[in-house]
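# Notes for the structure review
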Amino acid sequence: MKVYAIILASGSSKRFGEKVPKQFVKIQNKTILEHTVEAFDNNKLITDIIVVCHPNYLEFAKNLLTKEKFNKIKIITEGGNTRQESSYIGVSFVKENNAKVLIHDAARPFVKQEIINDCILALDKFEAVGVAIESNDTIVKIDEKGFVAEIPNRSFLRRMQTPQAFKASIIKKAHKLAKDNPELFVTDDCGMVLYFHLAQIAIIKGNEDNIKITRKSDLPN
């Protein structure tokens with residue numbers, strides 16, 4: 001069975017404050033994108049990697065992610081204007097309906113092999129899987145004026161991470177339905193599956209180190 005990792009690297013990183021998108025910033029002599037791809041390329045269960053890249057940096061990414069470095073990369077393609085569009089582009093390269101698909105943010109270079117394996121193995125039992133960690137902080141919901149409107153019970157709240165994993169048939173259907181509903185706005189792929197009631201989303205435990213690098217302060221010292 002094919003197991004795809006789709007790496008979303010098409011963001012412009014406006015909050016990061018560098019001339020290049022954060023996925024091309026270096027940590028220990030490798031770009032963030034290289035660290036992320038390496039995690040999936042080294043995983044024994046992953047068979048194919050699809051990289052969805054910022055259009056302005058497509059050739060740069062192709063030169064960076066050569067087959068001499070990463071032999072599981074099948075295609076490096078340009079992304080869309082939103083995360084949802086880029087995810088759709090990546091999923092469109094998955095031809096098998098019975099494949100397993102992991103979708104991961106390029107800006108999460110510290111993902112552990114255990115998390116990748118847990119996602120893949122969980123798809124033997126579930127059709128959709130999310131990675132999440134508990135929140136140590138109280139999470140509040142505010143109203144349109146900025147005042148606290150609700151304080152949900154923290155024991156039922158989680159902070160979502162990636163990868164998110166799906167049976168190919170489920171994530172393909174989610175994207176098809178989203179295309180037919182252009183007013184839909186979701187921040188991740190689990191959000192689409194949940195919105196269209198396509199499957200229950202199982203949660204596996206993430207890791208505090210699996211951060212999404214958003215600002216320079218997120219980089220290791």
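### What about the pairing of strand β1 (residues 3-9)?
Counting buried positions over the seven residues of β1 gives seven, a clear majority of the element. Side-chain alternation along β1 places V3, A5, I7 and A9 on one buried face and Y4, I6 and L8 on a second face that is also buried. The pairing of β1 with strand β6 (residues 100-105) spans six bridges and is parallel. Residue pairing for β6: I6 is matched across the bridge by I103. Of the strand pairs in this sheet, β1 and strand β4 (residues 48-53) are connected by six bridges, and their pairing is parallel. Paired with Y4 across the two strands is D48, which belongs to β4.

### Some remarks on helix α3 (residues 83-91)
For α3, the complete set of buried residues consists of Q84, S86, S87, G90 and V91. One side of α3 holds all its buried residues, which, seen down the axis, span an arc of 160°.

### Here's the deal with the sheet that holds strand β11 (residues 201-205)
The seven strands are arranged β5-β4-β1-β6-β10-β7-β11 in an open sheet whose pairing can be described as mixed. Among the strands making up the open sheet, the edge pair consists of β5 (73-78) and β11. Strand-to-strand twist of the sheet, defined as the mean angle between neighbouring strand axes without regard to direction, takes the value 25°. Together, β1, β4, β5, β6 and β10 (158-167) form the strand contacts of helix α1 (residues 32-41), whose direction differs from that of β1 by roughly 175°.

### Comments concerning empty space enclosed by the protein
A complete count under the given rule lists one cavity of 30 Å³ or more for this structure. Of the volumes computed, that of the largest cavity is approximately 50 Å³. For the lining of the largest cavity, the secondary structure elements donating two or more residues are α3 and α6 (189-195). Sorting elements by how many residues they give to the lining of the largest cavity places α3 first, with three residues. The residue makeup of the lining of the largest cavity, split by class, is two nonpolar, four polar and three charged.

### Some points on the environment of F110
Tracing the backbone shows F110 in the loop between β6 and α4 (113-122). Exposure remark for F110: the relative accessible area of 29% places this residue in the partly exposed category. In this structure, the C-alpha to C-alpha distance between F110 and A39, residues 71 residues apart in sequence, is 8.0 Å. The residues contacting F110, other than those within four sequence positions of it, are I27, D209, N210, I211, I213 and P220.

### Some details on helix α5 (residues 168-179)
Between the first and last C-alpha of α5 there are 17 Å, a value that for 12 residues agrees with the 16 Å anticipated at 1.5 Å per step. Taken residue by residue, α5 has A168, I170, I171, A174, H175 and A178 as its buried positions. Those residues of α5 that are buried are in contact with α3, β6, β10 and α6.

### Quick word on the side chain of S87
Relative to the assigned elements, S87 resides in helix α3. Overall, S87 belongs to the buried group, its relative accessible area being 0%. Once you skip the residues sitting within four places of it in the chain, S87 turns out to touch L8, I103, H175 and D189.

### Examining the pattern of salt bridges
Within this structure, the stated rule accounts for 12 salt bridges. Residue D48 is joined to K2 by a salt bridge in which the shortest nitrogen-to-oxygen separation is 3.2 Å. One end of the pair, D48, is in strand β4; the other, K2, is in the segment before β1, and 46 residues separate them in sequence. Taking relative accessible area as the criterion, D48 reaches 3% and is therefore assigned buried. Look at the salt bridges and you will find they share partners, linking R83, D105, R108 and D189 into a network.

### What about the packing of aromatic side chains?
Across all of its chains, the model carries three aromatic pairs by this definition. Plain terms: the ring middles of F24 and F60 are 5.3 Å apart, the flat faces sit at 85° to each other, and that makes the pair edge-to-face. Here F60 lies in helix α2 (residues 58-64) and F24 lies in the loop between β1 and β2 (26-27), a separation of 36 residues in the sequence. A relative accessible area of 44% means that F60 is categorised as partly exposed. Among the aromatic residues, those joined into a cluster by ring pairs are F24, Y57 and F60. Its guanidinium or amino end placed over the ring of Y88, K179 lies 4.4 Å from that ring's centre, counting from NZ or CZ.

Scoring rules and cut-offs
- Residues numbered from 1 in each chain as written.
- Predicted model: local features only at pLDDT ≥ 70, side-chain atom pairs only at ≥ 80, totals over all residues.
- Heavy atoms only, no water.
- Buried < 20%, exposed > 50% of the residue type's maximum accessible area, 1.4 Å probe, protein only.
- Helix = DSSP H or I, 4+ residues; strand = E, 2+ residues; numbered from the N terminus.
- Pairing = 2+ DSSP bridges.
- Arc of directions from axis to C-beta.
- Axes fitted to C-alpha atoms, helices over the stretch in contact; angles between N-to-C directions.
- Contact = heavy atoms within 4.5 Å.
- 1 Å grid on protein atoms, 1.4 Å probe; cavity = no way out; pocket = protein on both sides within 12 Å on 5 of 7 lines; lining within 4 Å.
- Points joined across faces, edges and corners; volume = space filled by probe spheres on them.
- Nonpolar A, V, L, I, M, F, W, Y, C, P; charged D, E, K, R; others polar.
- Expected span 1.5 Å × (residues − 1).
- Salt bridge = Lys/Arg side-chain N within 4 Å of Asp/Glu carboxyl O.
- Phe/Tyr/Trp six-rings, centres within 6.5 Å; stacked < 30°, edge-to-face > 60°.
- Lys NZ or Arg CZ within 6 Å of the ring centre and 35° of its normal.

Any functional reading would require information that these geometric values do not contain.
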